[in-house]
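A structural walkthrough
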Amino acid sequence: MSPTVAVVGASLAGLTAARALRDQSYDGRIVIIGDEEHAPYDRPPLSKDFLGGTASLDDIALGTPDDEDLALEWRLGTTAVGLDHLGRSVLLRDGSEIQADGVVLATGARARRLPGGDRLDGVHVLRSLDDAIALRADLAAAGRLVVIGAGFIGAEVASTARKLGLEVTVVETQPVPLAGPLGAAMGAVCAELHGAHGTRLLTGTGVAGLVGAGRVEAVELADGTRLPADVVVVGIGATPNIEWLAESGVTLGNGVLTDARGATNIPGVIAVGDCAATWSVSAERHVRIEHWTNALEQPATAVATLLGRGIPAPAPVPYFWSDQYGARIQFAGSRSEGDVPRIVAGSCADRSFLAVYERDGEPVAVLGMNQARLFTRWRRQLRTSVATAS
């Protein structure tokens, strides 16, 4: 009987891990388990082109279950509920199990929800394809949208909704949106996009609750103000899908804890993508990176670890981008409090600039708005400097 690797999670990270297995000459059985009915798809367009109706299901597809080149066995619409590492099996909700010699954990993360939001129609989160389909249908019949949370997902949804002609209000508890990843100064610059395109942005205020009978009618703020709403989108972060591993013996924290090469504390079990909290040598802690590029690049090293091969762990330089109101925002590197951003090209006023974050005079991160070519050059330099330092 040929060896089997079970990939739990039919996501970009899961599919990339399966492809990495084949690329690294693994010719055994690969079973991909996914709790959604859909084949793997690209998530970034869900808040942009797909939500706006300019991208189809075919446009965002990442692969098909009948892809003969990879020879994968798909178990879609099936939820994993447990991992028996002693018996080497993944336990499924339907009562069956899959015996496996190796396991790839790629279960991703789910959107956090607002307490009480599930009882009202018109309240949405955006993480999955089904979320996007439901939200798109609601927006088509709506006039007023309130977005709770001015992070990247919230900002992208607001941008798309404005393009569709809705009246949009964004509510953010922090004084400056995106201050966490970008710092207060650059977060404020990016937040100016909202007002420049007719979106109302309310910062430094919390949400007390949702108002409505059967369907949402308004968002009530902490100061008692009520914002009328036909649709509400909650964008307040994500939680890793790791509860099913509680009895597995796998060490958990803010995700599945792994070393720098993707290995968990259980031999033959690796973790990749949004559910993985990977040890960062530079940060000296486990870091969970919820970005598309990480899901695409990380699995090759983790799969090599699973197969017992010595591919070096890549020098981690986190990278993400966001498209808002026609502007492309790109960020690479690791910013800490106290790092000083310096504009090296363009102008914030023109919304076309490149900022380099410096620590003790050395560049540690870079932010670009509508500066793709120059940003790419700086990102490459950062990767080179991190690799040299490692």
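Now for a description of the structure that goes with this document.

What counts and what doesn't
Residues numbered from 1 in each chain as written. Predicted model: local features only at pLDDT ≥ 70, side-chain atom pairs only at ≥ 80, totals over all residues. Heavy atoms only, no water. Pairing = 2+ DSSP bridges. Helix = DSSP H or I, 4+ residues; strand = E, 2+ residues; numbered from the N terminus. Axes fitted to C-alpha atoms, helices over the stretch in contact; angles between N-to-C directions. Contact = heavy atoms within 4.5 Å. Buried < 20%, exposed > 50% of the residue type's maximum accessible area, 1.4 Å probe, protein only. 1 Å grid on protein atoms, 1.4 Å probe; cavity = no way out; pocket = protein on both sides within 12 Å on 5 of 7 lines; lining within 4 Å. Points joined across faces, edges and corners; volume = space filled by probe spheres on them. Nonpolar A, V, L, I, M, F, W, Y, C, P; charged D, E, K, R; others polar.

1. As for the sheet that holds strand 13 (residues 207-213)
Across a sheet, paired strands are connected by hydrogen bonds in the backbone, their directions being either parallel or antiparallel. The sheet built from 3 strands is open, its strands ordered 13-14-15 with antiparallel pairing. Each end of this open sheet is capped by a strand with a single partner; those strands are strand 13 and strand 15 (226-228). Direction aside, the axes of adjacent strands within the sheet are offset by 30° on average. Where strand 13 lies against strand 14 (residues 215-221), 6 bridges are found, and the strand directions are antiparallel. When the bridges of strand 14 are listed, Ala-213 appears paired with Arg-215.

2. Overview of the environment of Arg-29
As for its placement among the helices and strands, Arg-29 is situated in strand 2 (residues 29-34). Remark: the alpha-carbon pair of Arg-29 and Val-5, spanning 24 residues in sequence, is separated by 6.3 Å. Among residues more than four places away in sequence, those in contact with Arg-29 are Ser-2, Pro-3, Thr-4, Val-5, Glu-73 and Gln-99.

3. Observations concerning unusual backbone geometry
It is generally the case that most residues other than glycine have a negative phi and that most peptide bonds are trans. Backbone geometry places Ser-25, a non-glycine residue, at a positive phi of 70°. In this fold, Ser-25 is placed in the loop between helix 1 (12-23) and strand 2. Its relative accessible area of 59% is what places Ser-25 among the exposed residues. In this structure, Ala-71 takes a positive phi of about 50° despite not being glycine. By secondary structure assignment, the location of Ala-71 is in the loop between helix 3 (57-60) and strand 3 (72-76).

4. Brief notes about the layout of surface pockets
Volume-wise, the second largest pocket comes out at about 340 Å³. Lys-48, Asp-49, Thr-160, Lys-163 and Asp-323 are the residues nearest the centre of the second largest pocket, which is lined by 17 residues in total. Elements that contribute at least two residues to the lining of the second largest pocket include exactly helix 2 (49-52), helix 5 (152-163), strand 23 (319-324) and strand 24 (327-333). Residue composition of the lining of the second largest pocket, by class: 6 nonpolar, 6 polar and 5 charged.

5. Examining the sheet that holds strand 4 (residues 80-84)
Taken in spatial order, the 3 strands make up an open sheet running 4-5-6, and their pairing is antiparallel. For this open sheet the edge positions go to strand 4 and strand 6 (97-99), each flanked by a neighbour on one side alone. Put simply, the sheet's adjacent strands are angled 20° from each other on average, direction ignored. Inspection of the sheet shows strand 5 (residues 89-92) paired to strand 6 by 3 bridges, in the antiparallel sense. The residue bridging Ser-89 from the neighbouring strand is Gln-99, located in strand 6.

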